[in-house]
Structure formats: structure tokens, C-alpha cells
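# Working through the structure, step by step
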Amino acid sequence: SLGFKHVVTIEALRKAYPLLDMVDLSRRPKALPPPTTGFPTIEGVILFGEPVRWETNLQLITDVLLSNGNPGAELQDVPYPHLPILACNMDLLWMAEAKMPRFGHGTFLLCLESIYKKVTGRELKYEALIGKPSPVTYRYAQYLIQQQAEKQGWKAPIQRLYAVGDNPMSDVYGANLYNNYLKSAQRNQLQAGLKRSPQAASPQAGVSLELRSDCHNSVESCESILVCTGVYRHDGGVAKNMEAQTEEAVFHGHRDFCFDPSLLEASHVVQDVDDAVQLAFEKENWS
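Keep in mind that this is a model prediction, so the values were computed, not measured.

## As for helix H2 (residues 54–66)
Between its terminal C-alpha atoms H2 stretches 18 Å, which fits the 18 Å expected from 13 residues at 1.5 Å a residue. Every buried residue belonging to H2 is among Thr56, Asn57, Leu58, Leu60, Ile61, Thr62, Asp63, Val64, Leu65 and Leu66, and all of these are buried. Contact partners of the buried residues in H2: helix H1 (10–16), strand E1 (45–47), strand E2 (85–88) and helix H3 (105–120). Backbone geometry just downstream of H2 places Asn68 in the positive-phi region, at approximately 60 degrees.

Written out as C-alpha cells, the structure is:
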């Protein structure tokens, strides 16, 4: 549904090369399988979320990277840079029914990065990191919101976005990061407008393509609303731990994002999503 025409899943890879997955004895082949033929060369890796069998996924993804997309081949010189990797969903932890948070996809990425560096001595590199707290995710959400507004005949320009989430390190951090981006874009537009003469209003004008695409953007801010039904709680150890993390600079975000403790501070803290929606209604005078 995302447009990729030739997709290979980990399960398809495992079935094509049954000797790669050796941890679960019940899944090991009882006899030596015939050589695999006609299997396509892998050209890239996309990581959507934490898998069920971590050992299988960690092993086979590493095999793909070390073999330059031909995991059935013998190990030669390790290619570097490796195949492109795109990853989303970088939450280290998430809240389920258990009393303590569970490992999220960010934990799986941490494992993959550590294994790759331990084996090769080099850093795993991402072509792109997509999803919270990446600003591109909030920009895309804004695009979808504006599309919905147009479909419903909404005439008034959208000036404020409200991002609701239960994880300070991803939901709130990303919303605040995007809010900073919006503020920076406004300042740059203003400065560009002051500097630009009538003759400079051309494709060659000294304004970045990114900001030029924002010149008709009505959105001025993105307010973060933190709810207490996930990894953040008003009344428990996790909330206290989050405060300690801010003081001691313990960063639960992805290694490729710079840590700014101020971005963990939500614009608003409410009990649950219903309260968050009611808050947005009140702030927009819709209640």
C-alpha cells in the first residue's frame, strides 16, 4: 500500500534460506536443504515496528547488511556504507497492561545498532528516521489535517496544531521540536521578506526550497498535550523517573536525535485523551 512493488518479508527470507535461523531448534531443517535459486537481491531495509522473534530478525537483517543483500552468500569483505535502512517508531518504551513499560521498537533498533557495530566495528547508518519525534512526521500530519479541512469546506486558516501523546520522549519531544521548526520558519520568512527587493522575487531568490514551500503556511504553532495513561503518570515512579532523566540527562530517545531537556516539557498535561480533546476545544472556543 506504500507503493513498493517488490517486497521481501523476514518470513519469506527465512523460508528461502532456512539455515540462517538457528536459535529455535524446532525450526531448524532436519536435513540439508537444496541450494536457494532465483531469490532477489535485497536492495534496502525498512523497519516498521518491533518484531515477534527478535533473534530471527536481528540475525537475518545483519546477514542482509553484511552480504550486501545476498544473505545466502559466503561472507566476503563487509560492504560499507551498507544498504540503505529506513526506520520508524523509535519509542524505547511503551505502556501496555503490565505495571512497568515494555520494550518498544527503539529498543530493537538499539540492539541492531549495537550488534552491527560489535560485528563490523562501524556505525549503523540510517537513510532516514521517520515517525515521532522526527519533524517530518508532524509536517505530514499537518498536511493530512489541511487536506481534511479542505474536503470539509473549512474556510478559516489552520493556525494551531495540538499533538496528543503519552510518551514525553517521543510524542511531546517531537511536537515541541516541530513547534520550534514552525517558529524558526516564521522568523526566516520574515527576514527573507525584509531583505527581498521586488526584483528578487524569482526562483533564484536567496530563500531555501524548504522555506519557500512554507511561504503559504498558516500554521503558527504546535502545542503538545501529555496524557497520563501511558509511560507518563502523575502519581508514580515513571513520572518521577522522567524528572530524574531531565536532571541527569538520561536520554531515552534515538541516538541520532540531539537531546534538549526543555523539549520534554509538555504545553499541557491532562489525564486522558478525552480531556486533551476538550482542552483543544476550549482553547479554540468550540466548547
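More follows now that the structure is in view.
## Examining the pattern of salt bridges
Using the criterion set out here, one finds 10 salt bridges in the structure. For the salt bridge of Arg53 with Glu55, the shortest nitrogen-to-oxygen distance reads 3.8 Å. Arg53 gets classed as partly exposed once you look at its relative accessible area, which sits at 31%. Since its relative accessible area comes to 30%, Glu55 is described here as partly exposed.

## Some remarks on the pairing of strand E7 (residues 221–227)
Summarising burial for E7: seven of the seven residues are buried, a large majority. Residues of E7 alternate between two faces, with Ser221, Glu223, Ile225 and Val227 on one and Cys222, Ser224 and Leu226 on the opposite face, all of them buried. Of the strand pairs in this sheet, strand E6 (residues 160–165) and E7 are connected by six bridges, and their pairing is parallel. Among the inter-strand pairings, Ala163 is bridged to a residue of E7, identified as Ser224. Here E7 runs beside strand E8 (residues 268–270); their pairing, made up of three bridges, is parallel. In the sheet register, Leu226 faces E8, and the bridge partner there is Val269.

## Some remarks on H3
For H3, with 16 residues, the first-to-last C-alpha span of 22 Å sits near the 22 Å given by 1.5 Å per residue. Of all the residues in H3, the buried ones are His105, Gly106, Thr107, Phe108, Leu109, Leu112, Glu113, Tyr116 and Thr120. Looking at the buried residues of H3, the elements they touch are E1, H2, E2 and strand E4 (102–103).

## Some words on the confidence of the model for the chain
When the pLDDT values of the chain are averaged, the result is 86; 86% of them are 70 or greater. Scored below 50 in pLDDT, residues 197–212 shows 11 contacts in the model against residues more than four places distant or in partner chains. Across residues 236–248, where pLDDT falls below 50, the model places 15 contacts with residues more than four positions away in sequence or in other chains.

## With respect to the environment of Cys258
Of note, Cys258 is situated in the loop between helix H7 (237–248) and E8. Classification of Cys258 as exposed rests on a relative accessible area of 71%. Excluding residues within four positions of it along the chain, Cys258 makes contact with Tyr173 and Phe251.

## Let's talk about the sheet that holds strand E5 (residues 128–130)
One open sheet holds the three strands; their spatial order is E1-E2-E5, and the pairing between them is parallel. Of all strands in the sheet, those bounded by a partner on one side alone are E1 and E5. Going across the sheet, the axis of each strand differs from the next one's by a mean of 15 degrees, ignoring polarity. By the bridge criterion, three bridges tie E1 to E2 in an arrangement that is parallel. What sits directly across from Ile46, in E2, is Leu86.

## Observations concerning the packing of H2 against H3
The interhelical angle for the contact between H2 and H3, taken along N-to-C directions, is 45 degrees, at an axis separation of 10 Å. Overall, the two elements H2 and H3 adopt an arrangement that is oblique. When you trace H2 past H3, the crossing you get is right-handed. Packed against H2, whose contacting residues are Trp54, Asn57, Leu58, Ile61, Thr62, Leu65 and Leu66, the element H3 presents Thr107, Phe108, Cys111, Leu112, Ile115, Tyr116, Val119 and Thr120 at the interface. Along the lines of polarity and charge, the residues of the contact of H2 with H3 split into 11 nonpolar, four polar and no charged.

## Re unusual backbone geometry
Cis geometry is found at the peptide bond from Tyr80 to Pro81, where omega equals 5 degrees. Relative to the helices and strands, Pro81 resides in the loop between H2 and E2. Lys132 connects to Pro133 through a cis peptide bond whose omega is 5 degrees. Within the secondary structure layout, Pro133 lies in the loop between E5 and helix H4 (135–151). You will see that Asn68, though not glycine, has its phi angle at about 60 degrees, which is positive. Tracing the sequence through the fold places Asn68 in the loop between H2 and E2.

Conventions used here
- Residues numbered from 1 in each chain as written.
- Predicted model: local features only at pLDDT ≥ 70, side-chain atom pairs only at ≥ 80, totals over all residues.
- Heavy atoms only, no water.
- Helix = DSSP H or I, 4+ residues; strand = E, 2+ residues; numbered from the N terminus.
- Expected span 1.5 Å × (residues − 1).
- Buried < 20%, exposed > 50% of the residue type's maximum accessible area, 1.4 Å probe, protein only.
- Contact = heavy atoms within 4.5 Å.
- Salt bridge = Lys/Arg side-chain N within 4 Å of Asp/Glu carboxyl O.
- Pairing = 2+ DSSP bridges.
- pLDDT = per-residue confidence, 0-100.
- Axes fitted to C-alpha atoms, helices over the stretch in contact; angles between N-to-C directions.
- Parallel < 35°, antiparallel > 145°, perpendicular 65-115°, else oblique.
- Left-handed = near helix turned anticlockwise from the far one by under 90°.
- Nonpolar A, V, L, I, M, F, W, Y, C, P; charged D, E, K, R; others polar.

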